[in-house]
Amino acid sequence: MLTERTTLTQFLIEERRRHPTSSGELNALIHDVALACKAISKRIASGALTGLIGKAGAVNVQGEQQQKLDVVANDIFLAATEWGGHLAGMVSEELDEPYPIPHGYPLGKYLLAFDPLDGSSNIDVNLSVGSIFSILRAPEPGAAAQLEDFLQPGTEQVAAGYAIYGPATVLVVTVGTGVHAFTLDSELGEFFLTRENITIPPTTTEYAVNSSNRRFWEPAVLRYVDECLDGASGPREKDFNMRWVASLVADTHRLLTRGGVFLYPRDLKDPAKPGRLRLLYEANPVAMIIEQAGGAAITGRDRVLDVVPTHLHERIGFIFGSYEEVERIERYHNEPEEDPALLDHPLYGLRGLYRIPS
């Protein structure tokens, strides 16, 4: 039965009423994305019963093994959003080049960049996974998007969000007026508002990092993590907990729920790559959400949303979460490397063998 809770539709209509000149196309596009997330949620829930668990036998543009559900989720996103007349083009983690709107469908004024199934390597062990999306304005509304049209900094996003598929399916959305979470009622097939104006505490005692990469970290990251590990007897004078799910959506959702800081920093594991996470459809939408919730998001030295992309699948270092913690990490990155605190790690000091050039 219907409840008194606000539906996603009602929420978007109220937001639109605050902007009388709005055409409603953004609302309709977000609805299409929400429909895709509902369909993906259903496929994930029944994956093992329908033979959709496991590798697809192909490699995507990232050089990563595609899971069967990666391919299915990508197709669902395309089918749900290509026909509505709201888009001039799309970019997906699973596609080498921008996806053109098929002939016969009208072209719109927005661009969509998405990761259809983040954390898909967790599917086999039944951990939470998700979808991430970013919406930009097309430079030429009504015209087929070109590759260069997608290379906009994150500050140009008009909306962003993610869906997390776990014990419940939750859609988290921002249209630039705060961050709001909607939980899927599977019986009604409707998203209902369950958390409004989400905020991240400015400080925290929880961090998320993949410690297996420790030997590749820059001095600033080593310093921060070591201070957390030193706990109450160290310079921070408090104990920290460490969490790591290996799913950007899951780690982001935990952080929005109870605070924290997430680090997937630039490192030396592959010096040719300035980071691991993709800028357009992972870092930018998450960074917009985090900033709208009162947190901060940086590459290590710079604000993520200010980065101007140079190619579709560009990777960057990504650190985000509670404002005071992220500010501390940024300060550590920007302090001179002669700082005695950094010289405690001889291999990473000013003359260290593994120093990363600025």
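Residues numbered from 1 in each chain as written. Predicted model: local features only at pLDDT ≥ 70, side-chain atom pairs only at ≥ 80, totals over all residues. Heavy atoms only, no water.

## Considering the nonpolar core
- Judged by nonpolar contacts, the single largest core of 40 residues is most densely connected at Leu112, Leu117, Ile135 and Leu171.
- The greatest single-element share of this core, amounting to nine residues, is contributed by helix H2 (residues 25–45).
- The contact partners of Leu171, leaving out residues within four places of it in the chain, are Leu8, Ala34, Cys37, Phe133, Tyr162, Ala163, His180, Ala181, Phe182 and Phe191.
- Core analysis: the next-biggest nonpolar cluster, separate from the first, contains 32 residues, Ile200, Tyr264, Val307 and Phe320 among them. (Core = buried A, V, L, I, M, F, W, Y, C linked by side-chain atoms within 4.5 Å. Buried < 20%, exposed > 50% of the residue type's maximum accessible area, 1.4 Å probe, protein only. Helix = DSSP H or I, 4+ residues; strand = E, 2+ residues; numbered from the N terminus. Contact = heavy atoms within 4.5 Å.)

## Quick look at the sheet that holds strand E9 (residues 190–195)
- Read from one edge to the other, the open sheet built from seven strands follows the order E3-E4-E5-E6-E7-E8-E9, with strand pairing classed as mixed. Where the open sheet ends on each side, the last strands, each with one partner, are strand E3 (87–92) and E9. Taking the axes of each pair of neighbouring strands and ignoring which way they run, one obtains an average angle of 20° across the sheet.
- Summarising the sheet, strand E6 (residues 157–165) and strand E7 (residues 169–174) pair through six bridges and their orientation is antiparallel. Along E7, the bridge assignment pairs Tyr162 with Val172.
- Packed on one face of the sheet, helix H6 (residues 279–292) meets E3, strand E4 (110–118), strand E5 (129–137), E6 and E7 and runs near 100° to E6. (Pairing = 2+ DSSP bridges. Axes fitted to C-alpha atoms, helices over the stretch in contact; angles between N-to-C directions.)

## Brief notes about the pairing of E4
- Among the nine residues that make up E4, nine are buried, leaving the element largely enclosed by the rest of the structure.
- Examined bridge by bridge, E3 and E4 share five bridges and lie parallel to one another. Paired with Leu87 across the strands is Tyr110, a residue of E4.
- Alignment of E4 against E5, held across seven bridges, turns out to be antiparallel. Residue Asp118 lies in a different strand from E5, and its bridge partner there is Gly130.

## Quick word on the packing of aromatic side chains
- Scanning all chains against the criterion turns up seven aromatic pairs.
- Consider the rings of Phe11 and Phe182, whose centres lie 5.2 Å apart with planes at 70°: the pair is edge-to-face. With Phe11 in helix H1 (residues 8–17) and Phe182 in strand E8 (residues 180–185), this pair connects stretches of sequence that are 171 residues apart.
- Taking the relative accessible area as the measure of exposure, Phe11 reaches 7% and is therefore buried.
- The exposure class assigned to Phe182 is buried, which follows from its relative accessible area of 0%.
- Geometrically, the ring pair formed by Phe318 and Phe320 is tilted, given 4.7 Å between the ring centres and 40° between the ring planes. Each member of the pair, Phe318 as well as Phe320, carries the same accessibility label: buried.
- Among the aromatic side chains, those forming a connected cluster through ring pairs are Trp244, Phe262, Tyr264, Phe318 and Phe320. (Phe/Tyr/Trp six-rings, centres within 6.5 Å; stacked < 30°, edge-to-face > 60°.)

## A word on H1
- Taken together, the buried positions of H1 are Leu8, Phe11, Leu12 and Glu15. The arc enclosing the buried residues of H1, seen along the axis, measures out at 95°, which places them on a common side. (Arc of directions from axis to C-beta.)

## Quick look at the pairing of E8
- Relative to E8, E7 runs antiparallel, the two being bridged by four bridges. Paired with Leu171 across the two strands is Phe182, which belongs to E8.
- From the end of E7 to the start of E8, which pair antiparallel, there are five residues, and Gly176 there has a positive phi angle of about 90°.
- Of the pairings in the sheet, the one linking E8 to E9 comprises five bridges and is antiparallel in character.

## Regarding the side chain of Thr169
- Here Thr169 lies in strand E7.
- Since its relative accessible area comes to 8%, Thr169 is described here as buried.
- Within the local environment of Thr169, its side chain forms a polar contact with the side chain of Ser41, the two groups lying 2.6 Å apart.
- Residues within four places of Thr169 in sequence aside, it is in contact with Ser41, Ile164, Phe182, Thr183, Leu184 and Phe191. (Polar contact = N/O pair within 3.5 Å; in protein donor to acceptor, adjacent residues only side chain to side chain.)

## What about the pattern of salt bridges?
- The full count for this structure, using the stated rule, is 18 salt bridges.
- Of the charged contacts in the structure, one is a salt bridge between Glu15 and Arg18, with a shortest N-O distance of 3.2 Å.
- In this structure, Arg214 engages Asp226 in a salt bridge whose closest nitrogen and oxygen atoms are separated by 2.9 Å. Of this pair, Arg214 sits in the loop between strand E10 (206–209) and helix H4 (219–230) while Asp226 sits in helix H4; the two residues are 12 residues apart in sequence, bridging distant segments of the chain.
- Take Arg214: its relative accessible area is 33%, and that puts it in the partly exposed class.
- Sharing partners across several salt bridges, the network here consists of Glu206, Asp251, Arg254 and Arg258. (Salt bridge = Lys/Arg side-chain N within 4 Å of Asp/Glu carboxyl O.)

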